[in-house]
Amino acid sequence: MVLWPAVTLVGFLVLTALVIAMGTQSTARWEAEKRAASAPRARHAAPESSPAPATV
């Protein structure tokens, strides 16, 4: 008599944990992509120029 409510509760908790795990993974991936997109790209930056040597 108590079996089905217990099974329902366990199933609900398992599904809730699955949704939380999937949301956490998806959010972490989204944040990593956002950070990568907003980070300055070193390849496209102008190279630093050093002063030319003085000639006398």
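Check the entry above for the structure.
Residues numbered from 1 in each chain as written. Predicted model: local features only at pLDDT ≥ 70, side-chain atom pairs only at ≥ 80, totals over all residues. Heavy atoms only, no water.

Asker: Looking at this model, I keep getting lost on the overall build of the protein. Mind explaining?
Answerer: A count of helices and strands for the protein gives 1 helix and 0 strands. Counting the 56 residues in the protein, one finds 0% classified as buried. Summing over all exposed atoms, the protein offers an accessible surface of approximately 5,700 Å²; the carbon and sulfur share of this is 69%. (Helix = DSSP H or I, 4+ residues; strand = E, 2+ residues; numbered from the N terminus. Buried < 20%, exposed > 50% of the residue type's maximum accessible area, 1.4 Å probe, protein only. Areas by Shrake-Rupley, 256 points an atom, 1.4 Å probe, with all protein chains shown as cover.)

Asker: Honestly, a nonpolar patch on the surface in this entry has me stumped. Any pointers?
Answerer: Together, Leu3, Trp4 and Val7 make up an exposed nonpolar region whose accessible area comes to about 360 Å². Here Leu3 is to be found in helix 1 (residues 3–38). For Leu3, a relative accessible area of 56% puts it in the exposed group. (Patch = residues over 30% accessible without salt bridge, like charges linked within 9 Å, V, L, I, M, F, W, Y side chains within 5 Å. Salt bridge = Lys/Arg side-chain N within 4 Å of Asp/Glu carboxyl O.)

Asker: Help me out: how do you make sense of the environment of Thr27 in this one?
Answerer: Assignment of secondary structure puts Thr27 in helix 1. For Thr27, a relative accessible area of 39% puts it in the partly exposed group. Separated by 2.7 Å, the side chain of Thr27 and the backbone oxygen of Gly23 make a polar contact. (Polar contact = N/O pair within 3.5 Å; in protein donor to acceptor, adjacent residues only side chain to side chain.)

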